[in-house]
Amino acid sequence: MFVLAMRSIRQRPGRFLATLLSAFLGAVIVMTFNSMHDTAGQPGVDPVSKETLSTAAGVVGGYGTLLVFFAVASTLTVNVRQRAAEMELLRCSGATPAQIKRMVVGEALAVALVGAALATGPALLGGRALLEVFQDSGQVERFVDHSFGPVALSSGIGITLFAAVGAAFLAVRRATGGNRQRGRARTVLAYAALVAGAASATSTFVFSATDAALMAPPAYGAILLSVGCALRAPRLLAAVLDRLPLGGASGWLAVRNLRERAGQLAGILMSLILFTAVATATLTMQAVESDAVEASGAVKSVDAKNLETLNFTVVGIIVVFVCVMLVNSLYAATSYRVREFGQQRLAGATPGQVLGLVGVEGLILMITGMFFGALAALAGVVPFTVARTDEVVPGEFFGIGAAVVAVTAVVTLGTSLTTARRTLRTPAVGAVAVA
């Protein structure tokens, strides 16, 4: 099956570009930040610089690991679903489910190896640039030299390969069976994340307003709550669709299509929820903290500067990854519907109506993701703001929320409509003939 996997990659390399890009970006991020461990481990590094570098590597490296898994899993899931006919042919030809799993895992492993290898150079340059940022802000001494050593290489390659193999196994398992058990496990994990997130956010009130660790519980609470909502994405989407009073041909078709494809669109909705919650909560709490420090006339400590740098860095990483995940998933999901669009046009739908259908679908997905993401963000922001400033909902929340909405709208609607417009260039008869 490994030979079959290599042959599949050589014959149609385009289908693996999204996975390669996700693995490449993930490896760059993990290697870049874990090179701070190598840098901190050099002899002669002072304790303050070592703490800054180790903290950055630990926090962002952990986020990077999760993001690599989500990104690779999202692209591989779409890839496997689009190859349902190919896998059915393999089963009819005598291939067992285990052999198909080995083939898909082998493909993912080969692509991840290439992505990790390509990421080494950019990660080296990124590590040096990151160290200069810490040095320019006074968090790391100027005499500290960047080191790109075994920790960066082993973690980057190891995490990327582990994420690719694990994601491939889960993706092909969804296509070949095990849906019932997976649904139960997903439900249990979702409720566990929701309970843990609520407990973490509530524990904010245990800390004092000036406690250095005040931001940690609500931040983790918002993240866990968003993960819980993301895991329940198909059910949440179904609940929203049942209450939508949409009229017209495009609206009716959009609701019908989304209801039938709720499970397939779960990855897109998960990305939207996580992006909205984590970006809004982290940036809002950091803005509230910065405004509170400025109002008090105090000077930020090294720990406060470290936290601020990490917050902005984490959000930046999430923005990049989620944009990649959304663009890949939306492009693949929309371009795969060429035959469906052709059938609709032969049945009498105009290209404008098809575009309207795609636009309404994207709008529903976007609003649903932002709504539940905003709820998760508020569950972290409100306890933090009450404990820090005695307000309830800070004014910063609305400005940052508007920026998140703008980014989400551009990525979601822009990708869906642009891809649909390109797909509609194919004549309807030729589109229906696509296998």
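Our subject is the structure that appears above.
Residues numbered from 1 in each chain as written. Predicted model: local features only at pLDDT ≥ 70, side-chain atom pairs only at ≥ 80, totals over all residues. Heavy atoms only, no water.

S.K.: Could you clarify how one ought to interpret the overall build of the protein in this entry?
M.R.: When you go through the protein residue by residue, the secondary structure sums to 16 helices and zero strands. Restricting the contact set of the protein to residue pairs at least 6 apart, pairs at least 24 apart contribute 84%. Summed over its atoms, the accessible surface of the protein is roughly 19,400 Å², and 67% of this surface lies on carbon and sulfur atoms. (Helix = DSSP H or I, 4+ residues; strand = E, 2+ residues; numbered from the N terminus. Contact = heavy atoms within 4.5 Å. Areas by Shrake-Rupley, 256 points an atom, 1.4 Å probe, with all protein chains shown as cover.)

S.K.: Looking at this model, I keep getting lost on the packing of aromatic side chains. Mind explaining?
M.R.: Centre distance and the angle of the planes are the two values used to describe a pair of aromatic rings. Across all of its chains, the model carries two aromatic pairs by this definition. Note on phenylalanine 371 and phenylalanine 372: the rings are 5.1 Å apart at their centroids and 80 degrees apart in plane angle, and the pair reads as edge-to-face. The exposure class assigned to phenylalanine 371 is partly exposed, which follows from its relative accessible area of 47%. Given a relative accessible area of 14%, phenylalanine 372 falls into the buried group. (Phe/Tyr/Trp six-rings, centres within 6.5 Å; stacked < 30°, edge-to-face > 60°. Buried < 20%, exposed > 50% of the residue type's maximum accessible area, 1.4 Å probe, protein only.)

S.K.: Even after reading the chapter, I still don't get the packing of helix α9 (residues 233-241) against helix α14 (residues 351-389), so can you show me in this structure?
M.R.: The packing of two helices is summarised by the inter-axis angle and the distance between the axes. Orientation of α9 relative to α14, taken along the N-to-C sense of each, is 115 degrees, at an axis distance of 11 Å. By the criterion of interaxial angle, the relationship of α9 to α14 is roughly perpendicular. The crossing of α9 and α14 is right-handed. On α14, the residues touching Leu236, Leu237, Val240 and Leu241 of α9 are Ile364, Leu365, Thr368 and Phe372. Broken down by class, the residue content of the contact of α9 with α14 amounts to seven nonpolar, one polar and no charged. (Axes fitted to C-alpha atoms, helices over the stretch in contact; angles between N-to-C directions. Parallel < 35°, antiparallel > 145°, perpendicular 65-115°, else oblique. Left-handed = near helix turned anticlockwise from the far one by under 90°. Nonpolar A, V, L, I, M, F, W, Y, C, P; charged D, E, K, R; others polar.)

S.K.: What is the right way to read the nonpolar core from this model?
M.R.: When a protein is soluble and globular, its nonpolar side chains tend to lie buried together. Core analysis: the biggest nonpolar cluster contains 43 residues, and Leu53, Leu76, Ile100, Val104, Phe134 and Phe321 have the highest contact counts within it. Of all the elements in the fold, those that place two or more residues in this core are α2 (17-40), α3 (47-82), α4 (84-92), α5 (97-136), α6 (150-176) and α12 (302-335). Leave out the neighbours within four places in its chain, and valine 104 touches Val80, Met87, Ala168 and Val172. Counting residues in each nonpolar core, the second largest holds 22 residues, with Cys229, Leu241, Ile268 and Leu272 among its members. (Core = buried A, V, L, I, M, F, W, Y, C linked by side-chain atoms within 4.5 Å.)

S.K.: Would you explain the side chain of threonine 204 in this entry?
M.R.: Note that threonine 204 resides in the loop between α7 (179-202) and α8 (216-231). In contact with threonine 204, not counting residues within four places along its chain, are Leu214, Pro217, Pro218, Pro383, Phe384 and Ala387.

S.K.: Sorry, what's going on with the pattern of salt bridges here?
M.R.: Side chains bearing opposite charge may pair, as long as their charged atoms lie close to each other. A full pass over the atoms with the stated rule returns two salt bridges. A salt bridge links aspartate 136 to arginine 142; the shortest N-O distance between them is 2.6 Å. Classification of arginine 142 by relative accessible area gives exposed; the value is 55%. Linking glutamate 289 and arginine 388 is a salt bridge whose minimum nitrogen-to-oxygen distance equals 2.8 Å. With a gap of 99 residues between them, glutamate 289 in helix α11 (residues 266-296) and arginine 388 in helix α14 connect regions that are remote in the sequence. (Salt bridge = Lys/Arg side-chain N within 4 Å of Asp/Glu carboxyl O.)

S.K.: Help me understand the environment of proline 394 in this model?
M.R.: Among the secondary structure elements, proline 394 is positioned in the loop between α14 and α15 (396-423). Proline 394 gets classed as buried once you look at its relative accessible area, which sits at 1%. As a C-alpha pair, proline 394 and valine 288 span 106 residues in sequence and 7.4 Å in three-dimensional space. Leave out the neighbours within four places in its chain, and proline 394 touches Thr284, Val288, Val381 and Thr385.

S.K.: Mind showing me how you'd approach helix α13 (residues 338-346) here?
M.R.: Residues spaced three or four apart along an α-helix face the same direction, because each turn holds 3.6 residues. Every buried residue of α13 is listed here: Val338, Phe341, Gly342, Gln344 and Arg345. Here the buried residues of α13 occupy an arc of 160 degrees about the axis, which is enough to place them on one side. Immediately downstream of α13, the backbone of glycine 348 shows phi near 120 degrees, a positive value. (Arc of directions from axis to C-beta.)

S.K.: Can you help me understand α8 in this one?
M.R.: An ideal rise of 1.5 Å per residue puts 22 Å on 16 residues; α8 measures up with 23 Å between its terminal C-alpha atoms. Restricting attention to buried positions, one finds in α8 the residues Pro217, Pro218, Gly221, Ala222, Ile223, Leu225, Ser226, Gly228, Cys229, Ala230 and Leu231. (Expected span 1.5 Å × (residues − 1).)

S.K.: How should a nonpolar patch on the surface be read in this particular structure?
M.R.: Taken together, Leu109, Leu113, Leu153 and Ile157 make up a surface patch of nonpolar side chains, about 280 Å² in accessible area. When contributions to the nonpolar patch are tallied by element, the ones reaching two or more residues are α5 and α6. Positionally, leucine 109 belongs in helix α5. You can call leucine 109 partly exposed: its relative accessible area is 31%. (Patch = residues over 30% accessible without salt bridge, like charges linked within 9 Å, V, L, I, M, F, W, Y side chains within 5 Å.)

S.K.: I keep staring at the packing of α14 against α15 and nothing clicks. Help me out?
M.R.: Two elements in contact, α14 and α15, have axes whose closest approach is 9 Å; the angle formed by their N-to-C orientations is 155 degrees. Compared by their axis directions, α14 and α15 come out roughly antiparallel. In this structure, α14 meets α15 at a crossing whose hand is right-handed. Where α14 approaches α15, its residues Leu355, Val358, Gly359, Gly362, Leu363, Met366, Met370 and Leu378 are matched on the opposing element by Phe397, Val405, Thr408, Ala409, Thr412, Leu413, Ser416, Leu417, Ala420 and Arg421.

S.K.: Help me out: how do you make sense of the environment of valine 28 in this one?
M.R.: Within the fold, valine 28 resides in helix α2. Judged by its relative accessible area of 16%, valine 28 falls in the buried class. Residues valine 28 and glycine 126, spaced 98 residues apart in sequence, show a C-alpha to C-alpha distance of 7.9 Å. Sequence-distant contacts of valine 28, that is, excluding residues within four places in its chain, are made with Ala119, Pro122 and Ala123.

Everything listed is a geometric property; what it means functionally is a separate question.
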